[in-house]
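Topology and contacts: notes
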Amino acid sequence: MVDTGGAAAPRRRRKAPAPDVPLGSLSQPRTAAPGPASCPDCASSSLTRLSVSGSGVPAVFLSCHDCERTGWYAAADGRPLDRDSVLGSDT
């Protein structure tokens, strides 16, 4: 045991808790996202959307949880894109 000379040990202050920040979701974006609202093949609304900035145009990659269809859509207006226009033709 350490002798502190009769002085009480200083108390530590706890940090104030950080405010709760809502987490994002890959399948439920907070704002309207480019591309279809449901899968063009099976009509499921269970979709994952990922923003992609490759060597081509800014885009959103869309994947259906049910039938596994995937596609690329322009971030600006939601028009369908091919893979090369998003990632570049070198990939």
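In case you missed it, the structure is sitting above this.
Read on for a plain summary of the structure. The shown structure was predicted, so the numbers you read here are calculated from the model rather than taken from an experiment.

1. Re the overall build of the protein
Each helix and strand counted, the protein has one helix and four strands in total. The N-to-C order of helical and strand elements in the protein reads β-β-β-β-α. The 91 residues of the protein split such that 21% are buried. Contacts spanning at least 24 positions in sequence make up 28% of the contacts within the protein whose residues lie at least 6 apart.

2. Concerning the nonpolar core
V52, A59, W72, A74, L81 and V86 form the largest nonpolar core, which has six residues in total. Here L81 is in contact with V57, A59, W72, Y73, A74 and V86, once residues within four sequence places are set aside. Of all hydrophobic cores here, the second largest spans five residues; its members include C39, L47, L62 and C64.

3. Concerning the sheet that holds strand β2 (residues 59–64)
One open sheet accounts for four strands, arranged β1-β2-β3-β4; its pairing is antiparallel. Of all strands in the sheet, those bounded by a partner on one side alone are β1 (47–52) and β4 (80–81). Relative to β2, β1 is paired through six bridges, and the arrangement is antiparallel. Looking at β2, one finds that V52 is bridged to A59.

Analysis parameters
- Residues numbered from 1 in each chain as written.
- Predicted model: local features only at pLDDT ≥ 70, side-chain atom pairs only at ≥ 80, totals over all residues.
- Heavy atoms only, no water.
- Helix = DSSP H or I, 4+ residues; strand = E, 2+ residues; numbered from the N terminus.
- Buried < 20%, exposed > 50% of the residue type's maximum accessible area, 1.4 Å probe, protein only.
- Contact = heavy atoms within 4.5 Å.
- Core = buried A, V, L, I, M, F, W, Y, C linked by side-chain atoms within 4.5 Å.
- Pairing = 2+ DSSP bridges.

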